[in-house]
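Each chain, written out:
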Amino acid sequence: MAVRASKHKRRVSLRALLLIAGLLALIILLGMQFYINTRDVSALTDPLPQSSVIYDRHGEVASRITSNQIEGVPSDEIPEVLKQAVVAVEDQRFYEHDGFDFIGTVRALTTNVKAGGYVQGGSTITQQLAKNVFLSHDKTLKRKTDEFFLAKKVEKSYSKDQIISLYLNQIYFGEGAWGIKRAAAVYFAKEPNDLTLAEAATLAGVIKAPSALSPLNNEERSIQRRNLVLSLMHKQGFITAEEVEEAKQEELRLESRHVDPYRAKYPSFTDYIIEEAERIYGISESELLAGGYRVYTTLEPKVQEALEKVYADPENFPAAPTGEIAQSSGVLLDPKSGGILGMIGGRDYEFRNFNRASRLKKPPGSTAKPLLVYSPALEEGYDVNDMLNDSPTEFGEYTPQNHTLDFRGEVSMYDAVLNSYNIPAVSLLYDMGIQKGMDAAKKLYLPVDEKEDRTLGNIALGGFYGVSPKHMAEAYSVYANNGEIIESHAIVKIETVTGKEVASFEEEKERVFSEETVEKMNFMLKGVVEEGSGKNAIIEGREVAGKTGSTQTSDNNHGATSNQWFVGYTPQIVGAFWIGFDKESSENVLPIISGAGSPSAKVFQQVVSEALDGEPVESFNLPANLQNKKDTVKKDENKREQEQQSKKEQKKKDEKKEKKKKEEKKKDRGKKKDRDDND
């Protein structure tokens, strides 16, 4: 009885242990299942970064921009043979396991033990995907455990086709190529769906060891690896023996098309697109660089290429006495629409650099005079030929000087503009009231601070900080658009990848100056180019108007300037160019070379000549009476100058006679004294 009772007890204990073990196993399995279900793998289906496409004003693709190493393509653009090639060489039981391949892991472990080292991996494609997206590459138990659970969740959440497509968009193929889109471009200069069977097998073979198996580094080894992949594909029934042999015979034609995401075509312009999209339409940089947007712009490739050609040659720019070549930037726009046709952010400009074309803050110097003094004066009833003060004058504690360091008493407005005299501009603004200049700045979208910049020198002579070429081109567009201004812009509209419009430019015109004022300003500024400081901007066969400007150096060196500007225009195009240094100092200056003219005007001439090559010639259609009045006033001025010269000469003669009389009297007194002494 005792023996039977003991046996019965043992059977009960065994059953209890088995039951407990079963319950524990069930709890563990349920716990694992619960843990798997709590894993978040939704990031896998976050939209993969896609290039945003920039279109020019003609609707043609001009540039593609992206910030990410990975640029995704949808599953239907990945050839089936590529998916099969990757499965054949990387995870032969991919379509059978549920994220973790126990058989494959045991096989890999056995192989590694036999080899006495690590020669074969056991991770499935799903595990590799989970590791690449969610985990580090540390070889720790925790990482492998996390990888296991994440892989299980991925398999529960996505189809096999989704998983293999996500994997191919994320994996590294060597040579800086992340994802199949970049890999196809880097090795074969193709889109993924254009790859041949042999090329697909080559790329699948690279994944195991991208550096060692890259066909660009080791073509022979890459071919061997490709042939292995083809054989494995045949073994698994993906392709026929004939297809294997045909693919093996295919010559490996490598044609690189490297795509650097930070070096988009037309980088200055594309940078400004990013800036404008965020500032005006609220589309962030990260959204634009990864969202696959279609951005339709005002870009004119012919203009942009002319800019980049001129800026590629350092000989086109002056240097400081130290030998350092100055920086420069420029903007060209269509005055009739406000559309930016092209821009350059600096010499040697690269994508996402500091864009001096739109973000520069430098004083505009004398280029502000037409906008903030002479145009408002014409609006107030002054005329081109009115005489203005050009004599030493104090305005409170401020005493302006001409750059010539001399005075003429009086000069016509035309000559004051032509020769960029300072005293007439300051005197005129003083007489009108400084608010006239402030009001004009506001209408012209110039960044003038109501408090900080409210001085005669800042407004009349362009001493305010600061403007960019974009600001100045925009402001001067009123002269080529009959006195009306349209806000400068580069974006016409933005669409999502599905074609939904999310932003568009709405044109608004505003009249700033009357047509009569504009005619008179065009007449004077045309004279600046033909007779004055802007001669370097002359384009043979075309009417050009514009204004030079410069600012003094920090140590008030009269033989150099710190910034040089030219803002010019034809009836079709407006351009603003700045030359100077990012960091101003007593050494970083631009020497004034006698007879050389304005270097910024020369850059304008070089760019615009090429940009308008082959375009129709247009005229400002200035009324003849302006020239007639100018000629009459010029004659009067010449007559006055001759009279003044005659008076000066007569004065000198009179002074000479008076001096001679004094000397004769002195001699007579000396002779008389001698006689008196003798007596």
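Bear in mind that the values here come from a model prediction, so they are computed numbers and not experimental data. Residue positions are given per chain, counted from 1 along the sequence in the order it is written. With pLDDT at 70 or above as the cut-off, local features in this predicted model cover only qualifying residues; side-chain atom pairs require 80 or more to be listed or tallied, and sums for whole chains, interfaces and linings still use all residues. Only hydrogens and water are set aside when side-chain values are computed; all heavy atoms of the structure are taken into account.

A few points about the overall build of the protein chain
Now for step 1: The helix and strand tally for the protein chain stands at 24 helices and 16 strands.
Now for step 2: Only protein chains enter the accessibility calculation, which uses a 1.4 Å probe; a residue is then buried when its area is under 20% of its type maximum, exposed when over 50%, and partly exposed in between. Classification of the 679 residues of the protein chain by burial places 48% in the buried group.
Now for step 3: A sequence separation of at least 24 residues applies to 70% of the contacts in the protein chain between residues at least 6 apart.
Now for step 4: As displayed, the protein chain has an accessible area near 34,100 Å², and 49% of this comes from carbon and sulfur atoms. Think of it this way: any DSSP run of H or I at least four residues long counts as a helix, any run of E at least two long counts as a strand, and we number them from the N terminus. Should any heavy atoms of two residues lie within 4.5 Å, those residues are counted as being in contact. Here the open area of atoms and residues is found with the Shrake-Rupley method and a 1.4 Å probe, where only the protein chains shown may cover a residue.

Considering the nonpolar core
For soluble globular proteins, nonpolar side chains are generally found buried alongside one another.
Now for step 1: Counting 86 residues, the largest nonpolar core has Leu 372, Tyr 374, Leu 444, Leu 446 and Tyr 479 as the members making the most contacts within it.
Now for step 2: Among residues more than four places away in sequence, those in contact with Leu 444 are Leu 371, Leu 372, Glu 474, Ala 475, Val 478, Ile 485, Val 512 and Phe 513.
Now for step 3: In this structure, Ala 88, Ala 177, Tyr 187 and Ile 239 belong to the second largest nonpolar core, which totals 44 residues. The set of buried Ala, Val, Leu, Ile, Met, Phe, Trp, Tyr and Cys residues whose side-chain atoms join them within 4.5 Å is what this entry labels a nonpolar core.

What to know about the sheet that holds strand S14 (residues 563-569)
Now for step 1: Strand pairing follows a simple DSSP-based rule, namely that at least 2 bridges must link the two strands. Spatial ordering of the open sheet is given by S5-S4-S15-S14-S12, a layout of 5 strands whose pairing is antiparallel. Edge positions in the sheet fall to strand S5 (340-344) and strand S12 (545-551), since each of these pairs with one other strand and no more. Across this sheet, the average inter-strand angle for adjacent strands is 10°, counted without regard to direction.
Now for step 2: In this structure, strand S4 (residues 327-333) lies alongside strand S15 (residues 574-580), joined through 7 bridges in antiparallel fashion. Among the inter-strand pairings, Val 331 is bridged to a residue of S15, identified as Ala 576. Where helices are involved, their axes are fitted lines through C-alpha atoms of the stretch in contact, as for all axes, and angles between N-to-C directions lie from 0 to 180°.

A look at the packing of aromatic side chains
Now for step 1: What counts as a ring pair is set by centres within 6.5 Å for rings of Phe, Tyr and Trp (its six-membered ring), and what kind of pair is set by the plane angle: stacked under 30 degrees, edge-to-face over 60, tilted for all other angles. The full count for this structure, using the stated rule, is 13 aromatic pairs.
Now for step 2: Each ring, one from Tyr 55 and one from Tyr 296, has its centre 4.5 Å from the other, and the planes form 10°; the classification is stacked. Taken as a pair, Tyr 55 in strand S1 (residues 52-55) and Tyr 296 in strand S3 (residues 294-297) lie far apart in primary sequence, 241 residues in all.
Now for step 3: For the ring pair Tyr 414 and Phe 523, a centre distance of 5.4 Å and an interplane angle of 45° mean the geometry is tilted. Placement of Tyr 414 in helix H17 (residues 413-418) and of Phe 523 in helix H22 (residues 515-531) is noted, with a sequence separation of 109 residues between them. Each member of the pair, Tyr 414 as well as Phe 523, carries the same accessibility label: buried.
Now for step 4: What links up through ring pairs into an aromatic cluster is the set Tyr 476, Tyr 479, Phe 513, Tyr 569 and Phe 620.
Now for step 5: Above the plane of the ring of Phe 351 lies Arg 352, whose end atom (NZ or CZ) is 5.9 Å from the centre. Only Lys NZ and Arg CZ are tested; either one counts as a charge over a ring when it is within 6 Å of the ring centre and within 35 degrees of the ring normal.

Overview of the pattern of salt bridges
Side chains that differ in charge, positive against negative, can pair when their charged atoms come close.
Now for step 1: Put simply, a salt bridge is a Lys or Arg side-chain nitrogen that is within 4 Å of an Asp or Glu carboxyl oxygen. Per the stated rule, a full pass over the model turns up 27 salt bridges.
Now for step 2: The partner of Lys 309 in a salt bridge is Glu 610, and the shortest N-O contact between them spans 3.4 Å. Placement of Lys 309 in helix H14 (residues 301-311) and of Glu 610 in helix H23 (residues 599-611) is noted, with a sequence separation of 301 residues between them.
Now for step 3: Residue classification places Lys 309 among the exposed residues on the basis of a relative accessible area of 52%.
Now for step 4: Look at Glu 610 and you get partly exposed, because its relative accessible area is 32%.
Now for step 5: The residue Arg 454 makes a salt bridge to Glu 450 at a minimum N-O spacing of 2.8 Å.
Now for step 6: Ionic contacts of the salt-bridge type, sharing partners, join the residues Glu 484, Lys 509, Arg 511 and Glu 515 into one network.

Things to note about the sheet that holds strand S2 (residues 61-65)
Now for step 1: Read across the sheet, 5 strands follow the order S2-S1-S3-S9-S10 without closing on themselves; strand pairing throughout is mixed. Pairing within the sheet leaves two strands with one partner each, and these edge strands are S2 and strand S10 (501-504). Strand-to-strand twist across the sheet, computed as the mean angle between neighbouring axes with direction ignored, equals 20°.
Now for step 2: Bridging between S1 and S2 involves 4 bridges; their strand directions are antiparallel. The residue of S2 that forms the bridge with Val 53 is Arg 64.
Now for step 3: The strands that helix H12 (residues 267-281) touches are S1, S2, S3, strand S9 (491-495) and S10; relative to S9, the one it contacts most, it runs at about 75°.

Describing helix H7 (residues 179-188)
Now for step 1: Burial within H7 is extensive, with 10 of its 10 residues counted as buried.
Now for step 2: Among all positions in H7, only Gly 179, Ile 180, Lys 181, Arg 182, Ala 183, Ala 184, Ala 185, Val 186, Tyr 187 and Phe 188 are buried.
Now for step 3: Structurally, H7 contributes buried residues whose contacts are with helix H2 (80-90), helix H6 (160-170) and helix H8 (197-206).

Remarks on unusual backbone geometry
With the exception of glycine, the majority of residues adopt a negative phi angle, and the majority of peptide bonds are in the trans configuration.
Now for step 1: The peptide bond linking Tyr 465 to Gly 466 adopts the cis configuration, its omega dihedral lying at -25°.
Now for step 2: By the element assignment, Gly 466 lies in the loop between helix H20 (456-460) and helix H21 (469-476).
Now for step 3: One non-glycine residue, Ala 189, lies in positive phi territory at about 55°.
Now for step 4: By secondary structure assignment, the location of Ala 189 is in the loop between H7 and H8.
Now for step 5: Positive phi values are uncommon outside glycine, yet Asn 482 reaches one of about 60°.
Now for step 6: With respect to the helices, strands and loops of the structure, Asn 482 is situated in the loop between H21 and strand S8 (484-486).

Some thoughts on helix H19 (residues 434-443)
Now for step 1: Ile 434, Gly 437, Met 438, Ala 440 and Ala 441 are the residues of H19 that are buried. End-on view of H19: buried residues confined to an arc of 160°, all on one side of the axis.
Now for step 2: Packing partners of the buried residues in H19 comprise helix H16 (369-379), helix H18 (422-432) and H20.
Now for step 3: Of the residues trailing H19, Tyr 445 is marked for its positive phi of about 65°. Taken from the helix axis, the directions to the C-beta atoms give the arc we talk about.

Digging into the environment of Ala 319
Now for step 1: On the secondary structure map, Ala 319 appears in the loop between H14 and S4.
Now for step 2: Residues Ala 319 and Gly 580, spaced 261 residues apart in sequence, show a C-alpha to C-alpha distance of 9.2 Å.
Now for step 3: If we ignore the near neighbours within four places in the chain, the residues touching Ala 319 are Glu 324, Ile 325, Ala 326, Val 589 and Pro 591.

These values are about where atoms sit, not about what they do.
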